[in-house]
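Coordinates in review
As a plain string of letters, each chain reads:
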Amino acid sequence: MERKLVSIQRIDHLEAIPGADNILKARVMGWDVVVRKGEFAPGDACVFFEIDSQLPEGAPWAEFLRARSFRVKTARLRGVLSQGLALPTSILEGTVPPEGTDVRDSLGVVKYEPAPPEGSDVAGPFPGEVPRTDEIRLQSALGVLDELRGHDFFVTTKLDGTSATFFKSLDGPLVACSRNWSLRPGTNRAWTVAKRYSLDTALPPGFAIQGELCGPGIQKNRLGLAEVDLFVFSVHDTRTGQFLGHADFVSFCARHGLRTVPVEHVVTGEAARTFDQGLEHYLRLAQGLYPGTKNRKEGIVIRPLVERHSPTLGGRLSFKVINNDFLLKDED
Ligand code: ATP
Ligand code: MN
Ligand code: MN
């Protein structure tokens, strides 16, 4: 059965969010969703949009999502996971239909479908055993600073290429993936790099490596490379479900002749304990150029030396700080 992307539902429950004055946590079906305070009372009907709803451009009630391309995504607000969107039934014209009614067509909502990036190269879905690559912006999750405080950490350069994942399952062949898809073996960049590094034999079964493919024809080739290369930023052991910590990650890459993303700083001991964890300080660290070029770097990525779980993020503790100079002048 196709899920009801947009339907009339009931606000089952409302609760305050510590430290938040203007929003509440609501329960709608099985979803936790953040709503504006004052908009609903428990038991009220609402229009509930599930994640991946693509809202119509031009509707006043959708305007607040313009910056997010009108797409309803999983979000985390004040540490609260918000999945979906609940709006008052006053956005509907005429009388409110009964609970459960699918109103997607009358509101002009469609389901968001990611476009397969490399068209004919797509072989299938991204392997379920491996987390997809992603980094939260520090400004969106300041709570991570408290989680990092006092721990040894390292800073890598954020490269502006395209994400690649290579995974050797316990009993299957190597798969090479773009950010969201596994790719058909052939002449695409990911497979070209996989062959150059003999990843089919080099990767131990159960391991995945994740890195940024950079070079001619990718973004603006800000590193000025002559050919496409892979810069590894994560090694994942699917048998334990864990990423390797910094030391194991570095030695794993060295052992297999792989390049890592540039490690700019390793901050340990007293230096880590006394490190200025202010946002401004991180923003300054994110500035600068890619070494040997005149190109502004996109930013930095910060992780603890020893992998840690982040309650704020609901996953590994890791975040990006984008170079504001890059955002202002270079981003396309
Ligand atoms: P946004 O929508 O906020 O721009 P996004 O989802 O497009 O975010 P990116 O801005 O590209 O994601 O940031 C995350 C990506 O950065 C990762 O998926 C990875 O491909 C890439 N990346 C580049 N350099 C690094 C690095 N040093 N460490 C980790 N990831 C890196
Ligand atoms: Mn990117
Ligand atoms: Mn991005």
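Before reading further, recall that the structure is shown in the block above.
Residues numbered from 1 in each chain as written. Chains lettered and ligands numbered in written order. Predicted model: local features only at pLDDT ≥ 70, side-chain atom pairs only at ≥ 80, totals over all residues. Heavy atoms only, no water.

Pairing in this open sheet of 3 strands is antiparallel, and the strands run β2-β3-β4 from one edge to the other. The open sheet has two edge strands, β2 (13–16) and β4 (31–36), and neither has a second partner. Each strand axis lies, on average, 30° off the axis of its neighbour in the sheet, ignoring direction. Looking at chain direction, β2 and strand β3 (residues 23–28) are connected through 4 bridges and run antiparallel. Bridging across to β3, E15 finds its partner in K25. (Pairing = 2+ DSSP bridges. Helix = DSSP H or I, 4+ residues; strand = E, 2+ residues; numbered from the N terminus. Axes fitted to C-alpha atoms, helices over the stretch in contact; angles between N-to-C directions.)

Before going further, it helps to examine the sheet that holds strand β5 (residues 45–49). Strands sit in the order β1-β5-β9 across an open sheet of 3 strands; the sheet is antiparallel. Both edges of this open sheet fall to β1 (6–10) and β9 (85–87), since each of them pairs with a single strand only. For this sheet the average axis-to-axis angle between neighbouring strands, irrespective of direction, equals 35°.

Here we come to the nonpolar core. Core analysis: the largest hydrophobic core is formed by 25 residues, its most contacted members being F166, L199, I209 and V235. When residues of this core are traced back to their parent elements, those giving at least two are β14 (162–168), β15 (174–177), α3 (189–196), β17 (207–214), β18 (229–237) and α5 (246–255). A per-element tally of this core places α3 first, with 4 residues. Ignoring sequence-local partners within four residues, the contact set of V235 consists of F207, A208, I209, Q242, F243, L244, F249, F252 and C253. (Core = buried A, V, L, I, M, F, W, Y, C linked by side-chain atoms within 4.5 Å. Buried < 20%, exposed > 50% of the residue type's maximum accessible area, 1.4 Å probe, protein only. Contact = heavy atoms within 4.5 Å.)

Attention now moves to unusual backbone geometry. One non-glycine residue, S69, adopts positive backbone phi at about 60°. Mapping S69 onto the fold places it in the loop between β6 (53–54) and β7 (75–77). Of note, the phi angle at S198 is positive, near 45°, even though the residue is not glycine. Following the sequence through the fold, S198 ends up in the loop between α3 and α4 (199–202). The exposure class of S198 is partly exposed, given its relative accessible area of 34%.

Contacts to ligand 1 come from 16 residues, most closely from T133, T157, R179, E212 and K320. The contact in question runs from an oxygen atom of ligand 1 to an N or O atom on the side chain of R179, over 2.8 Å. Take E212: an N or O atom from its side chain is 2.6 Å from an oxygen atom of ligand 1. Here ligand 1 loses 78% of its free accessible area of 640 Å² to cover by the protein chains. The set of elements that each furnish at least two residues to the shell around ligand 1 consists of β13 (153–158) and β22 (299–304). Among the elements that make up the shell around ligand 1, the one with the highest residue count is β13 (3 residues). Its residues assigned to classes, the shell around ligand 1 comprises 4 nonpolar, 4 polar and 8 charged. (Near = heavy atom within 4 Å. Polar contact = N/O pair within 3.5 Å; in protein donor to acceptor, adjacent residues only side chain to side chain. Areas by Shrake-Rupley, 256 points an atom, 1.4 Å probe, with all protein chains shown as cover. Nonpolar A, V, L, I, M, F, W, Y, C, P; charged D, E, K, R; others polar.)

This brings us to α5. The complete set of buried residues in α5 reads H246, F249, F252 and C253. Projected onto a plane normal to the axis of α5, the buried residues spread over an arc of 130° and lie on a single side. Turned more than 90 degrees off the buried face of α5, the exposed positions are A247, A254 and R255. On its buried face, α5 is in contact with β13, β17, β18, β20 (259–260) and β21 (263–267). Once α5 finishes, G257 follows within two positions and takes phi at roughly 65°, a positive value. (Arc of directions from axis to C-beta.)

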